[in-house]
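These are the residues of each chain, in order.
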Amino acid sequence: GEGVPEQNLAYDHRYGAMWHNYVYTVGGIAFIVVDTSGAHREHDAVTEARSAFVQRAFEKIGSMPVFVLTHVPLIGMREEASLLPSFGFSSWKVLDQGLLSHVEDHADQVIAVLCGHIHLTSVRKRRGIQHIMPSGTAGYPADFASYNVYADRVEVEMHRAPAELIGDPSLGDIHGARRHGIDYCDKDHIDHESYLSGNEDERRFTIALDGGKRPTTGAANELIVWHEISPGRWRESPVPT
């Protein structure tokens with residue numbers, strides 16, 4: 001429902017207008033949160049508005065290092081020849097390239113893009129930016145990620161929900177034989193389990209923080225949330241509950 005007001009009435013009633021995209025900072029690091037529920041859109045007015053917000057968000061945070069949070073990944077998180085049929089939906093990534101272009105224009109300060117949606121665990125690095133996607137707990141492999149942030153590095157680890165909560169893995173596997181008649185893999189993931197769960201270097205790794213990616217010294221440690229009340233007009237707000 002990105003950019004379609006009538007599809008967001010309940011959300012807007014609960015949280016208020018202009019809360020689909022926002023920024024928060026904590027401990028010298030900024031987070032830009034972007035609504036990409038219109039990931040299937042080619043270039044149009046909705047994607048132009050999305051890109052314009054991200055440009056304003058980078059202007060707002062200045063030189064602070066940043067994580068970009070988007071539900072839908074900005075790049076293909078598996079080899080496309082396998083991913084497109086195994087996922088089966090047009091929203092396998094954000095199709096309009098404007099958002100990715102803005103992110104990569106700030107590659108010297110973007111630590112990582114955190115995403116989900118595809119229901120598999122994947123980590124890919126492009127132009128110095130890590131794109132990190134745990135599968136999420138809504139299906140197998142039921143992974144979630146932890147991030148330990150230090151002055152010079154981020155330690156990332158994937159964790160799996162307990163087996164008794166997962167049950168029969170095939171029931172939650174949207175990339176496998178139960179749905180497609182075959183279990184997908186690709187050239188970098190030689191069996192179906194690694195295709196779903198990632199290789200070992202996708203499950204535990206360290207991001208070195210150098211230069212503009214180090215936390216800003218002297219910045220506030222507490223959580224500060226900013227949202228736009230109109231394009232380019234920012235208001236510091238309490239965390240919506």
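In what follows, the structure referred to is the one given above.
Model, not experiment: these values are computed from the prediction.

**Student:** Help me out: how do you make sense of the packing of helix H2 (residues 45–61) against helix H4 (residues 98–105) in this one?
**Tutor:** Each pair of packed helices gets described by two things: the angle between the helix axes and the distance between those axes. Interhelical geometry of H2 versus H4 gives an angle of 15° and a closest axis separation of 8 Å. The orientation of H2 with respect to H4, classified from their angle, is roughly parallel. Note that H2 runs across H4; the crossing there is right-handed. Here Arg50, Ser51, Val54, Gln55 and Phe58 of H2 lie close against H4, whose contacting residues are Gly98, Leu99, His102 and Val103. In terms of residue class, the contact of H2 with H4 is built from four nonpolar, four polar and one charged.

**Student:** Help me understand the pattern of salt bridges in this model?
**Tutor:** Pairing is possible between side chains that carry opposite charge, provided their charged atoms lie close to one another. Counted under the stated rule, the structure contains 14 salt bridges. Between Glu104 and Arg127 there is a salt bridge, with its nearest N and O atoms 2.9 Å apart. On the criterion of sequence distance, the pair formed by Glu104 in helix H4 and Arg127 in the loop between strand E5 (122–126) and strand E6 (129–133) is long-range, its members being 23 residues apart. For Glu104, a relative accessible area of 12% translates into the label buried. On the basis of relative accessible area, Arg127 is assigned to the exposed category, the value being 61%.

**Student:** Any chance you could explain the sheet that holds strand E3 (residues 66–70) here in plain terms?
**Tutor:** Sheet strands pair by backbone hydrogen bonding; their relative direction is either parallel or antiparallel. Strand order in the open sheet formed by eight strands is E5-E6-E4-E3-E2-E1-E10-E11, with mixed pairing between adjacent strands. Only two strands of the sheet have a single neighbouring strand rather than two, namely E5 and strand E11 (233–237). Averaged over neighbouring strand pairs, the angle between their axes works out to 20° when direction is ignored. Pairing geometry for strand E10 (residues 224–230) and E11, over five bridges, is antiparallel. Along E11, the bridge assignment pairs Trp226 with Glu236. Most of the contacts of H2 go to strand E2 (residues 29–34), to which it runs at about 165°, and overall it touches strand E1 (22–26), E2, E3, strand E4 (110–114), E10 and E11. Most of the contacts of H4 go to E6, to which it runs at about 130°, and overall it touches E2, E3, E4, E5 and E6.

**Student:** Could you clarify how one ought to interpret the nonpolar core in this entry?
**Tutor:** For soluble globular proteins, nonpolar side chains are generally found buried alongside one another. In terms of nonpolar packing, the biggest core is built from 35 residues, with Ile32, Phe58 and Val103 touching the most fellow members. Looking at this core, the elements with two or more residues in it are E2, H2, E3, helix H3 (80–87), H4, E4 and E6. The element that contributes the greatest number of residues to this core is H2, accounting for five residues. For Phe58, the residues in contact, after removing those within four places along its chain, are Ile32, Val66, Val68, His102, Val103, His106, Gln109 and Val110.

**Student:** It is not clear to me how the environment of Val72 should be interpreted in this structure. Could you clarify?
**Tutor:** Along the chain, Val72 falls in the loop between E3 and H3. In this structure Val72 comes out as buried when scored by relative accessible area, which is 3%. Put simply, Val72 and Ser90 are 18 residues apart on the chain and 11 Å apart in space, counted from C-alpha to C-alpha. Apart from the residues lying within four places of it in its own chain, the contact partners of Val72 are Thr36, Ala39, Ser91, Lys93, Val94, Cys115 and His117.

**Student:** Can you help me understand the sheet that holds strand E8 (residues 153–160) in this one?
**Tutor:** With antiparallel pairing, the three strands of this open sheet are ordered in space as E7-E8-E9. If you trace the sheet from one side to the other, it starts and ends with strand E7 (143–149) and strand E9 (204–208), each paired once. Sheet twist, expressed as the mean angle between neighbouring strand axes with direction ignored, is 20°. The sheet contact formed by E8 and E9 spans five bridges and is antiparallel. Pairing of Glu157 across the sheet is with Arg204, part of E9.

Rules used throughout
- Residues numbered from 1 in each chain as written.
- Predicted model: local features only at pLDDT ≥ 70, side-chain atom pairs only at ≥ 80, totals over all residues.
- Heavy atoms only, no water.
- Axes fitted to C-alpha atoms, helices over the stretch in contact; angles between N-to-C directions.
- Helix = DSSP H or I, 4+ residues; strand = E, 2+ residues; numbered from the N terminus.
- Parallel < 35°, antiparallel > 145°, perpendicular 65-115°, else oblique.
- Left-handed = near helix turned anticlockwise from the far one by under 90°.
- Contact = heavy atoms within 4.5 Å.
- Nonpolar A, V, L, I, M, F, W, Y, C, P; charged D, E, K, R; others polar.
- Salt bridge = Lys/Arg side-chain N within 4 Å of Asp/Glu carboxyl O.
- Buried < 20%, exposed > 50% of the residue type's maximum accessible area, 1.4 Å probe, protein only.
- Pairing = 2+ DSSP bridges.
- Core = buried A, V, L, I, M, F, W, Y, C linked by side-chain atoms within 4.5 Å.

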